[in-house]
Amino acid sequence: MPLASIPSPSQGVWYLGIIPIRAYALCIVLGVIVAVWLSERRWRARGGQKGTIVDIAVPAVIFGLIGGRLYHVITDWQTYFGSRAIKEPHQALFIWEGGLGIWGAIALGGVGVWWAVRRRGLSFTAIADTVAPGIAFAQAIGRWGNWFNQELYGSPTTLPWGLEIDADHGGEPGVLYHPTFLYESLWDVALGFVLIFAGRRFALHHGRLFALYVAGYTLGRFWIEGLRIDPVGGVDHAVTFLGMRINQWTSIVLFVGALIYLWATRNKEGVEVVVPPSSTMADPAHPADQADPGEDGSEAAEDTAGEADDTGTATDGTGEDGNAAAGGGETESPKDAVSEDETPRADEGRIENGKAETETSAAGDGDSRPDSDSDADANAANGTAEADADARAADTGDTAEAETVTKGKNSR
């Protein structure tokens, strides 16, 4: 008789009134919480936004539970269907009774993640690398649900950490079994820490850290799966192929695939999107630091236009090229503009006024006095347009006028 052993829980469900509290479900929920918490911290450390992992976790968990159950039912279909079935077909939906295939959970959960990150414009590989350690820790916690359900155990052993399994779950009195659930839990914990270290030490990006997780997990799962004797794929036995269980073959395929991916992306570089493009610019039509006009938006827009026109006026005074650009490629005198349109537009008035002020400043440079005759002619030609321009120049300050006078002096 062994001196020590690991007892199995006598029950895996408790009732809060009429509400059942199942240990298997609690372990899964706790694992998800730990994975989301850790992944959220890692994502923010990488420059991502707060709450991104929480939002993505919702479809990932839903898809993952569906995928995990589908894999279990497909690979262990004889438990629910056929002449040797020990459960009713509708019990295939009873996820709380145990039976989640990690392969299906990761595969379909990944589809949920891909759908969520595509809607946000994020890099799928960046998310995968971020959550990889968290998934390993979640699996480590979730495996303790198998302990409460007395499943996932190995062949008989005399080791002091042998697991007791009662007769209702396939055990024999006085016989201990390898606690393969515990082996896998410890392996997953170690793998999670290795992934964190490798991610920091080697800066594995573009999905390489997630590929390392797949390779590391399948390596341990292949060994642990070889110890198991509980049925998988059959009612009283495990389905085997060439002497190995189906989960061992799955481990081999995924392990090779992960190595191929690591080799194929060993030199892959480039920027991965960790911040949604929409968050870098509040309004696609404006820069991020430019506010939209408020209630007096028309006045703000008009002032902005006036400042732009004043800048254009100062440019016109520098020479013929600037004058032609402001006039649409043609040089036109103020008198011609008035003759063509008796009521000049505000823009034309501002441009003509700028020219008159430039000529006045240039003439006044020689005798240190403004040319009164030139001002009078310009004012007569401009009419009401000059008054409007003077008022606008007063609103915007003396800066534009000073620049115009300076440029007029320099053009001599």
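Just above sits the structure.
Overview of the structure. (Residues numbered from 1 in each chain as written. Predicted model: local features only at pLDDT ≥ 70, side-chain atom pairs only at ≥ 80, totals over all residues. Heavy atoms only, no water.)

### Some remarks on helix H8 (residues 246-264)
Helical geometry note: an α-helix holds 3.6 residues per turn, so side chains three or four residues apart project in the same direction. Test applied: Here a helix means four or more residues in a row that DSSP labels H or I, a strand means two or more in a row labelled E, and each is numbered from the N terminus. Every helix has an expected span of 1.5 Å times one less than the residues it contains. To sort residues, take the accessible area from a 1.4 Å probe on protein chains only and compare it with the maximum for the residue type: under 20% means buried, over 50% means exposed, and anything in between is partly exposed. Within this analysis, the arc is defined by the directions that extend from the helix axis to the C-beta atoms. Contacts: residue pairs with any heavy atoms within 4.5 Å of one another.
Between its terminal C-alpha atoms H8 stretches 27 Å, which fits the 27 Å expected from 19 residues at 1.5 Å a residue. For H8, the complete set of buried residues consists of Asn247, Gln248, Ser251 and Ala258. For H8, the angular spread of the buried residues around the axis is 95°, confining them to a single face. Along H8, the residues that are exposed and aim more than 90 degrees away from the buried face are Val253, Ile260, Trp263 and Ala264. Of the surrounding secondary structure, the elements contacted by the buried residues of H8 are helix H2 (52-75), helix H3 (102-120), helix H7 (208-225) and strand S6 (244-245).

### What to know about unusual backbone geometry
Unlike most non-glycine residues, Gln150 shows phi in positive territory, near 55°. Relative to the assigned elements, Gln150 resides in the loop between helix H5 (144-148) and strand S3 (163-164). With a relative accessible area of 6%, Gln150 lands in the buried category. The phi dihedral of His206 is positive, around 60°, even though this residue is not glycine. Within the fold, His206 resides in the loop between helix H6 (180-202) and H7. Judged by relative accessible area, which is 8%, His206 ranks as buried.

### A few points about the packing of helix H4 (residues 124-142) against H7
Rules: Only the stretch in contact is used when fitting a helix axis, every axis being a line fitted to C-alpha atoms; angles between N-to-C directions are given from 0 to 180 degrees. Roughly parallel means an angle under 35 degrees; roughly antiparallel, over 145; roughly perpendicular, 65 to 115; everything else is oblique. Should the near helix be turned anticlockwise from the far one by less than a right angle, the crossing is termed left-handed; should it be turned clockwise, right-handed. Residues are grouped as follows: Ala, Val, Leu, Ile, Met, Phe, Trp, Tyr, Cys and Pro are nonpolar; Asp, Glu, Lys and Arg are charged; all remaining types, including Gly, are polar.
Following both chains from N to C, one finds H4 and H7 inclined at 25°, their axes separated by 7 Å at the closest point. In terms of their interaxial angle, H4 and H7 are classed as roughly parallel. By crossing handedness, the relation of H4 to H7 is classed as left-handed. Judged by residue contacts, Ala128, Asp129, Ala132, Pro133, Ile135, Ala136 and Gln139 of H4 engage Arg208, Leu209, Phe210, Tyr213 and Tyr217 from H7. Looking at the contact of H4 with H7 residue by residue, the classes come out as nine nonpolar, one polar and two charged.

### Quick notes on the nonpolar core
Test applied: To qualify as a nonpolar core, a set must consist of buried Ala, Val, Leu, Ile, Met, Phe, Trp, Tyr and Cys residues joined through side-chain atoms within 4.5 Å.
Of all hydrophobic cores here, the largest spans 31 residues; its most connected members are Trp43, Ile127 and Tyr213. Elements supplying a minimum of two residues to this core: helix H1 (23-45), H2, H3, H4, H6 and H7. Excluding residues within four positions of it along the chain, Ile127 makes contact with Trp43, Ile53, Ile56, Val113 and Val117. By size, the runner-up hydrophobic cluster in this structure holds nine residues, among which are Leu163, Ile165, Tyr177 and Phe181.

### A look at the environment of Tyr71
With respect to the helices, strands and loops of the structure, Tyr71 is situated in helix H2. For Tyr71, a relative accessible area of 18% gives the class buried. Sequence separation between Tyr71 and Gly104 is 33 residues; the distance between their C-alpha atoms is 5.1 Å. The residues touching Tyr71, leaving out its near neighbours within four places in the chain, are Gly101, Trp103, Gly104, Asn247 and Thr250.

### Some details on the pairing of strand S2 (residues 19-22)
Spelled out, the test is: DSSP bridges decide pairing: two strands pair if at least two such bridges lie between them.
Relative to S2, strand S1 (residues 13-16) runs antiparallel, the two sharing four bridges. Bridging from a neighbouring strand, Leu16 pairs with Ile19 of S2. In this structure, the hairpin formed by S1 and S2 is closed by a connection of two residues, where Gly17 is found at a positive phi of approximately 75°.

### Topic: a nonpolar patch on the surface
Quick note on the threshold: Like-charged residues within 9 Å of one another, or nonpolar side chains (Val, Leu, Ile, Met, Phe, Trp, Tyr) within 5 Å, are grouped into patches, provided each residue has over 30% relative accessible area and no salt bridge. In this description, accessible areas are obtained by the Shrake-Rupley approach with a 1.4 Å probe, and a residue is regarded as covered only by the protein chains that are shown. One speaks of a salt bridge when a side-chain nitrogen belonging to Lys or Arg is within 4 Å of a carboxyl oxygen belonging to Asp or Glu.
A contiguous nonpolar patch, built from Val58, Ile62, Phe63, Ile66, Leu70, Ile74 and Val111 and spanning about 620 Å² of accessible area, is present on the exposed surface. Here the nonpolar patch takes six residues from H2, the largest share from any one element. With respect to the element layout, Ile74 can be found in helix H2.

### A few points about the packing of H3 against H7
Axes are the key here: two packed helices are described by the angle between their axes and the distance separating the axes. Interaxial distance between H3 and H7 falls to 13 Å at its minimum, and their mutual angle equals 170°. Compared by their axis directions, H3 and H7 come out roughly antiparallel. Mapping the contact onto sequence places Ile102, Trp103 and Ile106 in H3 and Phe210, Tyr213, Tyr217, Thr218 and Arg221 in H7.

### So, the pattern of salt bridges
Using the criterion set out here, one finds seven salt bridges in the structure. Salt-bridge contacts for Arg46 lead to Glu272; the nearest nitrogen and oxygen are separated by 2.5 Å. Linking Arg46 in the loop between H1 and H2 with Glu272 in the loop between H8 and helix H9 (297-316), this pair joins segments that are 226 residues apart in sequence. On the basis of relative accessible area, Arg46 is assigned to the partly exposed category, the value being 25%. When the shortest N-O distance is used, the salt bridge between Glu184 and Arg221 registers 4.0 Å. Within this pair, whereas Glu184 is found in helix H6, its partner Arg221 is found in helix H7, the two being separated by 37 residues in sequence. Here the two residues Glu184 and Arg221 agree in accessibility, since each one is buried. Residues joined in a network through salt bridges with shared partners are Arg143, Glu184, Arg221, Glu225, Arg228 and Arg245.

### Brief notes about the packing of aromatic side chains
To be explicit about the condition: Geometry of aromatic contacts follows a simple scheme: Phe, Tyr and Trp rings, the Trp one being its six-membered ring, pair when their centres are within 6.5 Å, and the pair is stacked under 30 degrees between planes, edge-to-face over 60, tilted otherwise. Over a ring means this: the NZ of a Lys or the CZ of an Arg is within 6 Å of the ring centre and within 35 degrees of the ring normal.
This model, assessed by the stated rule, comprises 12 aromatic pairs. Taking the centre distance of 6.3 Å and the plane angle of 15° together, the rings of Trp147 and Phe181 count as stacked. Linking Trp147 in helix H5 with Phe181 in helix H6, this pair joins segments that are 34 residues apart in sequence. The same class applies to Trp147 as to Phe181, namely buried. Ring geometry for Phe210 and Tyr213: centres 5.4 Å apart, planes at 50°, overall tilted. Here Phe210 and its partner Tyr213 are both found in helix H7, three residues apart, which amounts to about one turn of the helix. Tyr213 sits in the buried class, given a relative accessible area of 3%. The rings of Trp14, Trp144, Trp147, Phe148 and Phe181 are connected pair by pair, giving a single aromatic cluster. The ring of Trp263 has Arg266 lying over it, and the distance from NZ or CZ to the ring centre is 3.8 Å.

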